[in-house]
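Residue-level structural notes
The residues making up each chain are set out below.
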Amino acid sequence: MVRQVEIDFFRNEGYLVVGSILDDVRIGMLKALIDEQLERARSPETRTQWDLMEEAGGQAVFRLSRVMERHEAFQSVATDPLVAEYVRALVGPEAGVCVNRHNMMVVKAPYVGRQIDWHQDGANWGTAAIVSLMVFLEDAAPENGCLEIIPGAHRRGLWQAAASERVGLGLSVEDPEQAALIRQAVPVLCRAGDGVFFHCCLPHFSEANRSGRSRRSFTFAYIVPLDVQPTCPTGMAPVEIVPLPQ
Ligand SMILES: O=C(O)CCC(=O)C(=O)O
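One structure accompanies this document, and this report is about it. (Residues numbered from 1 in each chain as written. Predicted model: local features only at pLDDT ≥ 70, side-chain atom pairs only at ≥ 80, totals over all residues. Heavy atoms only, no water.)

Re the nonpolar core
Counting residues in hydrophobic clusters, the biggest one holds 43 residues, and the most contacted among them are Phe197, Phe218 and Tyr222. Those elements that provide at least two residues to this core are helix 1 (4–13), strand 1 (15–18), helix 2 (24–42), strand 3 (61–65), helix 3 (72–78), helix 4 (81–90), strand 7 (131–136) and strand 14 (217–223). Examining the composition of this core, we find that six residues originate from one element, helix 2, more than from any other. Contacts of phenylalanine 218, omitting those with residues within four sequence positions, involve Leu30, Ile34, Val67, Phe74, Val77, Met104, Met105, Leu133, Met134, Val135 and Leu137. The next biggest cluster of nonpolar side chains, apart from the first, holds twelve residues, and it includes Phe136, Ala140, Leu147 and Ile149. (Core = buried A, V, L, I, M, F, W, Y, C linked by side-chain atoms within 4.5 Å. Buried < 20%, exposed > 50% of the residue type's maximum accessible area, 1.4 Å probe, protein only. Helix = DSSP H or I, 4+ residues; strand = E, 2+ residues; numbered from the N terminus. Contact = heavy atoms within 4.5 Å.)

Next comes the structure, spelled out in structure tokens:
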């Protein structure tokens, strides 16, 4: 049962850590399946448009997209009963999974996993109605590029976004107001199996992985169908929603 104090925290701060969504057995099974996917992505013969490699070249995978379609075990994380309970409480009782927003695994390979610049997902998607969930397969801390956020900053809505090399549209460190906000950032420390819900107006960032440990995490997105905007930014497909199981 989601507690009112958690709902209030999410509304005020724009994020919420939920402990132990995955247990060790499930994490082990998911890691084995992810390793198969990474193996496929590393080979140019089997790589698809949904496998993105690190800029540095070599064999390191940055991101696997469309993960729900790759294996039912990945889909079952997005639609897990505990996750669904939190999604209904935080996003709305009718909320479903947006299968063409996020629906990915960020790999952050040891020493080469890249930085993800400051941004608000809503600026890229042209909406303020989506809530995302990251679920970690490894402990996440600043040295392996954990999520960093600015608590409460989602309440200011969407900012004028600047072009960013690593996300499309991002926050501008040149803008004094945005730079002052970024100085209030905090790292969100998570254990393997934990999840973090965050609002799409919440500015977030993650450092490059400077450690010898990878930081793999699923990211899924949720929205109430009635909140879908009638138009999308140019080049972006309309939101596709899969209902959550009752
Ligand atoms: O995986 C990360 O470190 C951040 C991902 C991110 O920026 C996002 O999900 O929008």
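Things to note about the sheet that holds strand 6 (residues 116–119)
One open sheet accounts for four strands, arranged 6-13-8-11; its pairing is antiparallel. Of all the strands in the sheet, just strand 6 and strand 11 (186–187) have a single pairing partner and so form its edges. The sheet contact formed by strand 8 (residues 147–149) and strand 13 (residues 204–206) spans three bridges and is antiparallel. Within the sheet, the bridge partner assigned to leucine 147 lies in strand 13 and is serine 206. (Pairing = 2+ DSSP bridges.)

Comments concerning the site of the ligand
In the vicinity of the ligand, the contacting residues are His102, Met104, Val106, Lys108, Ile116, His119, Asp121, Met134, His204, Ser206, Arg215 and Thr219. Contact between the ligand and aspartate 121: an oxygen atom at 2.8 Å from a side-chain N or O atom of the residue. In the environment of the ligand, an oxygen atom lies 2.9 Å from a nitrogen or oxygen atom belonging to the side chain of histidine 204. The set of elements that each furnish at least two residues to the shell around the ligand consists of strand 5 (104–106), strand 6 and strand 13. In the shell around the ligand, the residues fall into four nonpolar, five polar and three charged. (Near = heavy atom within 4 Å. Polar contact = N/O pair within 3.5 Å; in protein donor to acceptor, adjacent residues only side chain to side chain. Nonpolar A, V, L, I, M, F, W, Y, C, P; charged D, E, K, R; others polar.)

Let's talk about helix 1
Turning to helix 1, its buried residues number three or more, namely Glu6, Ile7 and Phe10. Each buried residue of helix 1 sits inside an arc of 100° when the element is viewed along its axis, so together they form one side. Lining the buried residues of helix 1 we find strand 1, helix 4, strand 7 and strand 12 (195–199). Backbone geometry just after helix 1 places glycine 14 at a positive phi near 85°. (Arc of directions from axis to C-beta.)

Structural notes on unusual backbone geometry
Unlike most non-glycine residues, asparagine 103 shows phi in positive territory, near 50°. Among the structural elements, asparagine 103 can be located in the loop between strand 4 (96–98) and strand 5. Here the phi dihedral of tyrosine 111 falls at roughly 65°; this positive angle occurs in a residue that is not glycine. Examined against the element boundaries, tyrosine 111 turns out to sit in the loop between strand 5 and strand 6.

A look at the environment of glycine 152
For glycine 152, the position within the fold is in the loop between strand 8 and strand 9 (162–164). For glycine 152, a relative accessible area of 11% gives the class buried. Along the backbone, glycine 152 and asparagine 103 are 49 residues apart, and their C-alpha atoms lie at a distance of 25 Å. When residues no more than four places from it in sequence are discounted, the contact partners of glycine 152 are Asn12, Glu13 and Leu202.

Re the environment of glutamate 54
The topology assignment puts glutamate 54 in the loop between strand 2 (51–53) and strand 3. The exposure class of glutamate 54 is buried, given its relative accessible area of 4%. As for glutamate 54 and serine 214, which are separated by 160 residues in sequence, their C-alpha atoms are 13 Å apart. Apart from residues no more than four positions distant in its own chain, glutamate 54 is found in contact with Ala60, Val61, Phe62, Val112, Gly113 and Arg114. Side-chain polar atoms of glutamate 54 contact the side chain of arginine 114, separated by 3.1 Å.

Here we look at the environment of glutamine 160
Inspection of the secondary structure puts glutamine 160 in the loop between strand 8 and strand 9. Judged by relative accessible area, which is 68%, glutamine 160 ranks as exposed. As a C-alpha pair, glutamine 160 and serine 172 span twelve residues in sequence and 8.8 Å in three-dimensional space.

Considering the packing of aromatic side chains
Enumeration over the complete set of coordinates arrives at five aromatic pairs. Between tyrosine 86 and phenylalanine 197 the ring centres are 6.1 Å apart and the planes differ by 25°, which places this aromatic pair in the stacked class. Taken together, the residues span a long stretch of sequence, with tyrosine 86 in helix 4 and phenylalanine 197 in strand 12 at a distance of 111 residues. Judged by its relative accessible area of 0%, phenylalanine 197 is buried. Between the aromatic rings of tryptophan 118 and phenylalanine 205, the centroid separation amounts to 5.2 Å while the plane-to-plane angle is 15°, which identifies the pairing as stacked. Taken together, the positions of tryptophan 118 in strand 6 and phenylalanine 205 in strand 13 put the pair 87 residues apart, joining distant regions of the chain. By relative accessible area, phenylalanine 205 is classed as buried at 11%. For arginine 66, the ring lying beneath its charged end belongs to tryptophan 50, and the centroid distance is 5.3 Å. Arginine 114 extends its terminal NZ or CZ atom over the ring of phenylalanine 62, reaching a point 3.8 Å from the ring centre. (Phe/Tyr/Trp six-rings, centres within 6.5 Å; stacked < 30°, edge-to-face > 60°. Lys NZ or Arg CZ within 6 Å of the ring centre and 35° of its normal.)

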